[in-house]
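Below are the chains, spelled out letter by letter.
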Amino acid sequence: MYKRKLFYFGLTTALILILALTFTAVLAHLTRANLNQSNIAQSLLVEHEKLSSISYRLFKQLTDELIFGNNANQAFVRNKQALIEKSIENIRQLELEQREALGIKFTQGTVEDTDELENIINSIVEEFRTLVLNGNATPLSQQEGLRSLLEVTIDNQFREAINSAVNRQSRVVSAINARIDTLNTAIVWFALGLGALSIPLIIYGCYWLFNQLYQPLILIRGATDAMIAGHYDTPISTKLDDEFEGLARSINQLAARLREHEHSETKSRKHLEFEVEQRTRDLTQANLKLTNIDSRRRQFIADVSHELRTPLTIIRGEAQVTLRLQAASEADYKETLTVILEQSINLSRLVDDLLLLTRAEMNQLHLEFIATDIQPFLRAEVSKWQRRYENRDIELHIDGKVKHAMVMIDKPRMQQVVSILMDNATKYSPATSAVKVNVEIIKDSVLIHIRDFGEGISATEIENIFERFVRFSKHSEGLGLGLPIAKAIVEAHDGHITVESLPSEGSIFSITLPLEHTK
């Protein structure tokens, strides 16, 4: 498109130049023609003046011949006649050229006057010849023919003829000069008009062409400045010439790429910030977890040390007391051994519980899963505890959907879980209060709820109830490992255990186990 504009501008300038050169050539041709016509006209004037001068000199010599004899100045007379003939021939030739150049209307009478002038000169020469041949003895001043020739023919007719020819040619020269002046005036006005037309047009064309070039450069610079400032939304939206359109398209594509890169960079930076924040949060949580684990480890060591110290202290004390006896009886040894055995059993149970928890944490708890019907399993467990606590009402409520519901469990371990929860329910509730066991199916899981009606668990204690060596504040029995063991066993069965409790209303421990779908 810009190339087309350049072409149009060059074509317009070339047309103006061609027009100026053409008009200049025409004017030069006309000027040359007018100058040639002026030269011819000037030459005719010169020839007429020359003819007049030669003719008068010839007439003088002819007069001298009358005065001094017919042989006087003959050579000069013949020379003058030859010059007159040559001058008349030149005048005729020039007049023909002039008539051919200017036309008969413009040069009317010039050629005819020359013929008349030649006739007058010839008649004057003949009259002189006649006078000379007659040999009239009358004094020249008294000769009527000579007087008529000199006064009438030469002074009047020849003078009028030559003056008429000169005047007519002078008018032609004046007309030609007028045409030259008119042409010069036309040349001046044309030059002024052409300059007045072409110069503003060329100036406007240059300004227009410069503006056409400058505007895309301004847009391109504005686009680059916008891109530097971070604004990449279509920097060049204006339609440009074809020569700049490719560049504008490349700049827009570059802006789009930069926008994509900036967007990707921003996204990556945000993602990195999120990842860093997430990792920092994870590290913080891990650090807190490690801190808690370390605290729990220390607490665990302290609790284990405490739990081990008591039976060991009792065993050592009983042994020392018995050994100090001077005469210990069999009953004394038996009593001491009974105490030592009891404490050893407690130590063995503690070690077994700790070993179970450790294996569960290491995913090394060995379980033997068997497809078990949950309904008879729970009935047997509830019946066992009912026989143990005959004065307590232990109820089992089974939903109708639970019939023949199968679960994959390790029966001894799951019996251990039920025993831990039933033991807590009977231990931490009044002796005459009931214990309710409810079983239901929700979606693909079996829910077992064991509820007691004791004093309940406080909100601060319920958060850590499944931690090791945690005891209820109002009870000091046990080691605080039962619920952690129950949780580890249930989670090893891909289930989970929860607790809900309200003060003075009792607690509900819920076990969720996945159903085994039978074909």
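Notes on the packing of helix α8 (residues 411-427) against helix α10 (residues 482-492)
Relative orientation of the contacting elements α8 and α10 amounts to 145°, with a least axis distance of 9 Å. For the pair α8 and α10, the sense of crossing is left-handed. Residues Arg 413, Gln 416, Val 417, Ile 420, Leu 421 and Asn 424 of α8 pack against Gly 482, Leu 483, Ile 485, Ala 486, Ile 489 and Val 490 of α10. For the contact of α8 with α10, a count of residues per class yields 8 nonpolar, 3 polar and 1 charged.

Let's talk about the sheet that holds strand β2 (residues 394-398)
One open sheet holds the 5 strands; their spatial order is β2-β4-β5-β7-β6, and the pairing between them is mixed. Both outer strands of the open sheet, β2 and β6 (496-502), are each paired with one neighbouring strand and no more. Geometrically, the sheet is characterised by an average inter-axis angle of 15° between neighbouring strands, direction not taken into account. Alignment of β6 against strand β7 (residues 506-514), held across 7 bridges, turns out to be antiparallel. Bridging across to β7, Ile 497 finds its partner in Ile 511. Each of β2, β4 (435-442) and β5 (445-451) touches helix α7 (residues 374-388); the most contacted strand, β2, lies at about 170° to it.

Brief notes about the nonpolar core
Core analysis: the largest hydrophobic core is formed by 46 residues, its most contacted members being Ile 374 and Val 446. Sort the elements by how many residues they give to this core and α8 lands first, with 7 residues. If we ignore the near neighbours within four places in the chain, the residues touching Ile 374 are Val 402, Ala 405, Val 407, Val 446 and Ile 448. Formed by 29 residues, the second largest nonpolar core is a distinct cluster that contains Leu 44, Ile 54, Leu 62 and Ala 161.

Considering α7
Between its first and last C-alpha atoms α7 spans 21 Å; for 15 residues at 1.5 Å apiece the expected length is 21 Å, and the two agree. Restricting attention to buried positions, one finds in α7 the residues Ile 374, Gln 375, Phe 377, Leu 378, Glu 381, Val 382 and Trp 385. Along α7, the residues classed as buried sweep out an arc of 165° about the axis, all on the same side. In this structure, the buried side of α7 is in contact with β1 (370-373), β2, β3 (406-409), α8, β4 and β5.

Re the pairing of β7
Most of β7 is tucked away, with 7 of its 9 residues classed as buried. As paired strands, β5 and β7 are joined by 7 bridges and run antiparallel to one another. Bridge pairing links Ser 445 to Pro 514 in β7. Hairpin connection from β6 to β7: 3 residues lie between these consecutive antiparallel strands, with Ser 504 at a positive phi of about 70°.

Structural notes on the packing of α7 against α8
Closest axis-to-axis distance for the α7/α8 pair is 11 Å, and the angle between their directions is 40°. In terms of axis orientation, α7 runs oblique to α8. For the crossing formed where α7 meets α8, the hand is right-handed. Contact residues: Phe 377, Leu 378, Glu 381, Lys 384 and Trp 385 in α7; Lys 411, Met 414, Gln 415, Val 418, Ser 419, Met 422, Asp 423 and Thr 426 in α8. Partitioning the contact of α7 with α8 into residue classes produces 6 nonpolar, 3 polar and 4 charged.

Reading guide: rules and limits
- Residues numbered from 1 in each chain as written.
- Predicted model: local features only at pLDDT ≥ 70, side-chain atom pairs only at ≥ 80, totals over all residues.
- Heavy atoms only, no water.
- Axes fitted to C-alpha atoms, helices over the stretch in contact; angles between N-to-C directions.
- Helix = DSSP H or I, 4+ residues; strand = E, 2+ residues; numbered from the N terminus.
- Left-handed = near helix turned anticlockwise from the far one by under 90°.
- Contact = heavy atoms within 4.5 Å.
- Nonpolar A, V, L, I, M, F, W, Y, C, P; charged D, E, K, R; others polar.
- Pairing = 2+ DSSP bridges.
- Core = buried A, V, L, I, M, F, W, Y, C linked by side-chain atoms within 4.5 Å.
- Buried < 20%, exposed > 50% of the residue type's maximum accessible area, 1.4 Å probe, protein only.
- Expected span 1.5 Å × (residues − 1).
- Arc of directions from axis to C-beta.
- Parallel < 35°, antiparallel > 145°, perpendicular 65-115°, else oblique.

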